[in-house]
Amino acid sequence: MQRFVHALECAPVLAVTGYVAGTHYAIIITMLDPKLVRENPEKIKQELQKRNQEFDFGPFLEIEKQRLSLVRESDELRENRNKVSEEIAALKRRKQDASTLIEQMQGVATRIKELEERQKNTEQKAREFLLALPNIPHESTPVGKDETENVEVRKWGQPREFDFPALNHWDIAEVLGIIDFDRAAKIAGARFAVMRGAGARLERALMNFMLDLNTSKGYTEVFPPILVNAESMTGTGQLPKFEMELFKTADPLFYLIPTAEVPVTNLHRQEILEEEKLPIKYTAYTPCFRREAGSYGKDTRGLIRQHQFNKVEMVKFVKPEVSYNELEALTNDAEDILRKLELPYRVMALCTGDIGFSSAKTYDLEVWLPGQGKYREISSCSNFEDFQARRADIRFRRTGKKGTEYVHTLNGSGLAIGRTVVAILENYQQKDGTVTIPDALRPYFGADKIG
RNA sequence: GGAGGGGUGGCCGAGCGGUUUAAGGCGACGGUCUUGAAAACCGUUGACCGUUCACGCGGUCCGGGAGUUCGAAUCUCCCCCCCUCCGCCA
């Protein structure tokens, strides 16, 4: 029941296959800081144990030792080569014989090539190891083995008391004729829906409502491509591990985004941002596409788990020292949507055993669904710290300081539209089968009820 | 799909095998001059890896990859991206 927005990050850890993006520029594909891992293996190992995952750092450290000595040796040889090449150039300019030096350098060239080959080899191995390491949980992330040990942080709103049996959203929708699952199955397949009439309008009203609310808080609206290349999927961490969760096109190859996080975070891939531009805040509406492989039998009915769904996302690029304040603010912004819609919800701090691969801390927002008598995930707000930024190479420069640092990236749904439709239908259903529309949504919806 | 042009430092732009350790310009920063500013003049001006307590030193980077060579921004091959025109289509 927990997994929705971050289903991707929570898929079982697969073997890393040494994926190499078909790329026209080099991607930095480390995740945790290699130097940090090399120098504090015991500490990292302990931190990752909180996720119930064991890693053997021995082979990695051995490889790194080899790699560094190769780097040193080939750097020295190259230094020598550069110097001698200059001498050769000088001799030739004076029309003197340089054949002895040239002969010497032939051997050096061979040796350098050999070392480069071995260096590349060790780099690849080290990289594979680092790629498989998940992010280190933040100290405030509760330690726990799985979703049963997530911690409820706060609760808002009182679930409504019904004087009639509360229906599931698909039953409500059927009576109203606003969602057509059967015809969706005909034209596409299972896990698709046709929104119709007031249903389609509700979907559209929610998008606009959420985007307007987010932009009023300083988020810049973007409408990005929903097909992206392999580099972008690698930058945010969907590739190589979670390829099975993605839809893709055949020729040419593009990936359909599973969340707006992918194109929006990648907006600044391989950029160095100026300090005064931060924080950068984006909000984006996009359709999202997920294979939902491995979730057979889960939420097969209704709108909860679809191959295609709409979502409004929020993404932030911030300075490291403020990222946890920004996470609280981001979560509050997502909560604000639920409060304005007057939908009861609770906020869960995911425990170390349940947070996503790239996340250091995650809050899930769970909305009350009377039809199921349960709270269900409707938003997931995460701080990735520098984990994604390192991978996607997004840095910033402090004004007046030399050098660069990685930004911290955060994102959260605000909100998943389909699940918001579910929540409205179930929470606002009336005895006569109609559904009233929350006050805040009426200007967007253009009516005060459905039916 | 067809034809052509192009990818060089924050930006513009030269370079087409060895005084390029990437010319020159713009911008930015520091200084001189000035009551202050402008102008002028002088200087500085990236990223990454390794090494060092530090100053520094070394290496790599001219779209990406492979090759030729003692030596590649410069030559060869493959790939990617951008632009222009034609065709086709929304």
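Criteria and thresholds
- Residues numbered from 1 in each chain as written.
- Chains lettered and ligands numbered in written order.
- Predicted model: local features only at pLDDT ≥ 70, side-chain atom pairs only at ≥ 80, totals over all residues.
- Heavy atoms only, no water.
- Helix = DSSP H or I, 4+ residues; strand = E, 2+ residues; numbered from the N terminus.
- Buried < 20%, exposed > 50% of the residue type's maximum accessible area, 1.4 Å probe, protein only.
- Contact = heavy atoms within 4.5 Å.
- Areas by Shrake-Rupley, 256 points an atom, 1.4 Å probe, with all protein chains shown as cover.
- Lys, Arg positive; Asp, Glu negative; His and termini not counted.
- Charge placed at Lys NZ, Arg CZ, Asp CG, Glu CD.
- Pairing = 2+ DSSP bridges.
- Axes fitted to C-alpha atoms, helices over the stretch in contact; angles between N-to-C directions.
- Phe/Tyr/Trp six-rings, centres within 6.5 Å; stacked < 30°, edge-to-face > 60°.
- Lys NZ or Arg CZ within 6 Å of the ring centre and 35° of its normal.
- Parallel < 35°, antiparallel > 145°, perpendicular 65-115°, else oblique.
- Left-handed = near helix turned anticlockwise from the far one by under 90°.
- Nonpolar A, V, L, I, M, F, W, Y, C, P; charged D, E, K, R; others polar.

A. Expanded view of the overall build of chain A. When its secondary structure is counted, chain A shows 13 helices and 17 strands. If you line up chain A on its principal axes, its C-alpha atoms span 100 × 45 × 45 Å. The buried share of chain A, reckoned over its 451 residues, is 53%. The long-range fraction of contacts in chain A, counting pairs at least 24 apart against all pairs at least 6 apart in sequence, stands at 76%. When the accessible surface of chain A is summed, it comes to about 20,600 Å², and 51% of that surface belongs to carbon and sulfur atoms. If the 64 positive side-chain charges of chain A are averaged to one point and the 67 negative ones to another, these points end up 2 Å apart.

B. Quick peek at the sheet that holds strand β8 (residues 280-289). Strand order in the open sheet formed by eight strands is β1-β10-β11-β12-β15-β9-β8-β4, and the pairing between neighbours is mixed. Strand pairing shows two members of the sheet lacking a second neighbour, β1 (151-156) and β4 (220-222), which therefore form its edges. Direction aside, neighbouring strands of the sheet carry axes that sit 25 degrees apart on average. Relative to strand β12 (residues 374-383), strand β11 (residues 361-369) is paired through nine bridges, and the arrangement is antiparallel. Its bridge partner lying in β12, W368 is registered against Y375. Packed on one face of the sheet, helix α10 (residues 323-340) meets β1, β9 (308-318), β10 (345-349), β11, β12 and β15 (408-416) and runs near 5 degrees to β15.

C. Looking closely at the packing of aromatic side chains. Counting across every chain of the model gives nine aromatic pairs. Aromatic pair W156 and Y345: ring centres 5.7 Å apart, planes at 20 degrees, arrangement stacked. Of the two residues, W156 is situated in strand β1 and Y345 in strand β10; the sequence distance between them amounts to 189 residues. Accessibility expressed as a relative area gives 31% for W156, which makes it partly exposed. Owing to a relative accessible area of 1%, Y345 belongs among the buried residues under this scheme. An aromatic cluster is present here, built from F57, F60 and F129 joined pairwise through their rings. Sitting over the ring of Y219, K281 keeps its end group 4.7 Å from the ring centre.

D. Quick look at the sheet that holds strand β14 (residues 405-406). Pairing is mixed in the open sheet, where three strands are placed in the order β7-β13-β14. The sheet is open, and its two edges are formed by β7 (271-274) and β14, each paired on a single side. Alignment of strand β13 (residues 394-397) against β14, held across two bridges, turns out to be antiparallel. Across the sheet, F396 pairs through a bridge with E405, a residue of β14.

E. Looking closely at the pairing of β12. When you tally the buried positions in β12, you get nine out of 10 residues, the bulk of the element. Where β11 folds back onto β12 in an antiparallel hairpin, the turn is made up of four residues, including G373, whose phi is positive at roughly 65 degrees. In the sheet, β12 pairs with β15 via three bridges, with the strands oriented antiparallel. Residue pairing for β15: N383 is matched across the bridge by L410.

F. Local environment of the packing of helix α3 (residues 58-93) against helix α4 (residues 99-131). Following both chains from N to C, one finds α3 and α4 inclined at 150 degrees, their axes separated by 8 Å at the closest point. If you check the angle between α3 and α4, you find them roughly antiparallel. Taken as a pair, α3 and α4 cross one another with a handedness that is left-handed. Here the residues of the contact of α3 with α4 are counted per class, giving 17 nonpolar, five polar and 12 charged.

G. Broad picture of unusual backbone geometry. Cis geometry marks the peptide bond from L278 to P279, where omega comes out at -5 degrees. Considering the arrangement of structural elements, one finds P279 in the loop between β7 and β8. Cis geometry marks the peptide bond from G414 to L415, where omega comes out at -5 degrees. As for its placement among the helices and strands, L415 is situated in strand β15. For R191, which is not glycine, the phi torsion reads 65 degrees and is therefore positive. Take R191: it is sitting in the loop between α6 (181-187) and β3 (194-195). For R191, a relative accessible area of 12% gives the class buried. Its identity is not glycine, yet E385 carries a phi of approximately 50 degrees, on the positive side. Take E385: its relative accessible area is 17%, and that puts it in the buried class.

H. Highlighting the side chain of T141. Inspection of the secondary structure puts T141 in the loop between α4 and β1. Judged by relative accessible area, T141 falls into the buried class, the value being 3%. With residues up to four places along the chain from it excluded, the contact list for T141 reads L350, C351, T352, I355, A360 and K361.

I. Up close: the side chain of T420. With respect to the helices, strands and loops of the structure, T420 is situated in helix α12 (residues 417-427). The buried category is assigned to T420, whose relative accessible area is 0%. Discounting chain neighbours no more than four positions away, the residues touching T420 are L206, M210, L341, L343, I378 and L415.

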